[in-house]
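# Breakdown of the fold
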Amino acid sequence: MHLRALRPFPRPLLSSKRFVSSTTVQRAATATASAANDLVEDDIASSAQQQKFASETIANNAFKANPLNGTRPIYLDMQATTPTDPRVLDKMLQFYTGLYGNPHSNTHSYGWETDKEIESARKRVADLIGADPKEIIFTSGATESNNMAIKGVPRFYQKTKKHIITVKTEHKCILDSARHLQDEGFDVTYLSVNSDGLIDLEQLEKAIRKDTCLVSVMAVNNEIGVVQPIEEIGKICRKHKVFFHSDCAQAVGKIPLDVNKMNIDLMSISSHKIYGPKGIGAIYVRRRPRVRLDPIITGGGQERGLRSGTLAPPLVTGFGEACRLIKEDMDYDQAHIKRLSKRLMDGLLSIEHTQLNGSKVHRYPGCVNVSFAYIEGESLLMALKDIALSSGSACTSASLEPSYVLHALGADDALAHSSIRFGIGRFTTEEEIDYVIKAIHERVEFLRELSPLWEMVKEGIDLDTIEWSGH
Ligand SMILES: Cc1ncc(COP(=O)(O)O)c(C=O)c1O
């Protein structure tokens, strides 16, 4: 066994800012423990010391200011991105040094050795979703995969089919791709959702037409964590012989997914949502019955001609390793995230006039979206500089527009403006959750004390009965 297996925490990461929690260190240590058998005792002792040092360093940096690097907030924005697992980085590093061959060079060993690793990563991605490796096409991430599916499939079948169906609460990259299609003369149906964020299956079936070629419904919503009934949607699509695409950027590795059981024909996957590197992802494209699509990027014909360009071996292999780890750790991760999620929800919802957004049942526990009435979400975020959070999806939170997802659920502007998303992940600790609950209690109380509306509520005035005068 390679010595590096026991040293998954490269120095620069340890000595830099607060990066991973002490749980990370303990868990990675557990994962690599079996490698210890192959090592001499000295190595084990020094490795154990190194890990002890790592745990202490990281724990010390968790809540204290570090004079060299500054303090970093607690990270609870896992839907925006997840920290790269040190075990993933360990896998990637060799492709920046020794294994630098172009995987598409087929005339020498440099190419062959890299290609072998690429194919092994492809198998790891496929294994996570029950697919055949030949059905996995590497892309730059879920945005590109979604563009390929939404634009590529209708463009290929446009002679006979000009209609697609999607949902109002999809990620911006789906909605924007659909708008581009409309500009090209395609017809798009945007399904509404119920107040719990779920689509109505009858409405979906009614929306399917003779010229519908694609239905696209995400599995887990990135803002509210609602899980759509993917298996039922797959059945309806198969019955009507319509291709089914699912944006699974927030679902892969978090909930069980099987492309065959669920009749999914195309699936978008992102590496950086599962503790892998950024800038890499994949699209699953079914081979039987075969799905055809017009490629967006053309050139050397790599990736079955669907996505030309030289693959990035460090990213691809890191992504493959992230898939392997999340499959292996799924039960452990899910139990950990579920427990912390319950703790967080109990803590937050004990504050009066708060509500959990989205279905209480059909949800991924690692995404908790809560509205704090009589408070502006943006003000709360400003008052929570010690916690990295988002008031919506990363791409919309730059604007002060209230969330279109919460609007689609029927939330009014005030409620949508008062919502915060809490993202829990593999490396989140109980200590962090307790800190967050306490901080939110204090700051919500502080901000409400400043609010004239809150004063009226406390006096028992029903705000809905007030006629506000405009000037
Ligand atoms: C549901 C969903 N789809 C697509 C994306 C885009 O993924 P990527 O960053 O890999 O392009 C995201 C990321 O925020 C997402 O949450």
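Described in the following lines is the structure provided in the data block. Everything numeric in this text was worked out from a predicted model, so none of it was measured.

What counts and how
Residues numbered from 1 in each chain as written. Predicted model: local features only at pLDDT ≥ 70, side-chain atom pairs only at ≥ 80, totals over all residues. Helix = DSSP H or I, 4+ residues; strand = E, 2+ residues; numbered from the N terminus. Buried ≥ 20, exposed ≤ 12 C-beta atoms within 10 Å, placed from the backbone. Contact = placed C-beta atoms within 7 Å. Pairing = 2+ DSSP bridges. Right-handed = clockwise from strand over helix to strand, strands pointing away. Axes fitted to C-alpha atoms, helices over the stretch in contact; angles between N-to-C directions. Core = buried A, V, L, I, M, F, W, Y, C linked by C-beta atoms within 7 Å. Domains from an automatic or database assignment. Near = placed C-beta within 6 Å. Nonpolar A, V, L, I, M, F, W, Y, C, P; charged D, E, K, R; others polar.

### Description of the overall build of the protein chain
Helix and strand content of the protein chain: 16 helices and 12 strands. Buried residues in the protein chain amount to 45% of all 471 residues. Long-range contacts, defined as pairs at least 24 residues apart, comprise 75% of the intrachain contacts of the protein chain with a sequence gap of at least 6.

### A word on the pairing of strand β3 (residues 163–167)
For β3, the buried fraction is high: 4 of the 5 residues fall into the buried class. Two strands pair when backbone bridges link them, and β3 and strand β4 (residues 187–191) are joined in this way by 5 bridges, in the parallel orientation. Paired with isoleucine 164 across the strands is valine 188, a residue of β4. You can see the chain leave β3, run along helix α7 (residues 172–183) and come back into β4, and the turn it takes is right-handed. Across 3 bridges, the pairing between β3 and strand β5 (residues 212–216) is parallel. Within β5, the residue paired with isoleucine 164 across the bridge is leucine 214.

### Some details on the sheet that holds strand β12 (residues 419–423)
In spatial order, the strands read β9-β10-β12; together these 3 strands make up an open sheet with antiparallel pairing. Edge positions in the sheet fall to β9 (354–356) and β12, since each of these pairs with one other strand and no more. The mean inter-strand angle of the sheet, taken between neighbouring strand axes irrespective of direction, is 25 degrees. Two strands pair when backbone bridges link them, and β9 and strand β10 (residues 367–372) are joined in this way by 3 bridges, in the antiparallel orientation. Considered in β10, the bridge of leucine 356 is made with valine 370.

### What to know about the nonpolar core
By size, the foremost hydrophobic cluster in this structure holds 105 residues, and its most contacted members are Val125, Ile129, Met267, Ile283 and Tyr284. A total of 7 residues in this core trace back to one element, the largest contributor, which is helix α10 (residues 313–328). Both of domain 2 (109–327) and domain 3 (330–464) provide at least three residues apiece to this core. If we skip the residues at most four places from it in the chain, isoleucine 283 touches Ile137, Thr139, Ser145, Met148, Ala149, Leu266, Met267 and Ser268.

### Here's the deal with the site of the ligand
Of all residues adjacent to the ligand, which total 15 residues, the nearest are Gly141, Ala142, Thr143, Asn222 and Ser270. Tallied by class, residues from the shell around the ligand come to 5 nonpolar, 9 polar and 1 charged.

### Thoughts on the sheet that holds strand β6 (residues 243–247)
The strand order across the open sheet built from 7 strands is β2-β8-β7-β6-β5-β3-β4, with neighbouring strands paired in mixed fashion. In the strand order of this sheet, the two ends are held by β2 (136–139) and β4, each with one partner. Across this sheet, the average inter-strand angle for adjacent strands is 20 degrees, counted without regard to direction. Strand contacts of helix α5 (residues 109–129): β2, β7 (266–270) and β8 (281–285), with the helix running at about 115 degrees to β2, the strand carrying the most contacts.

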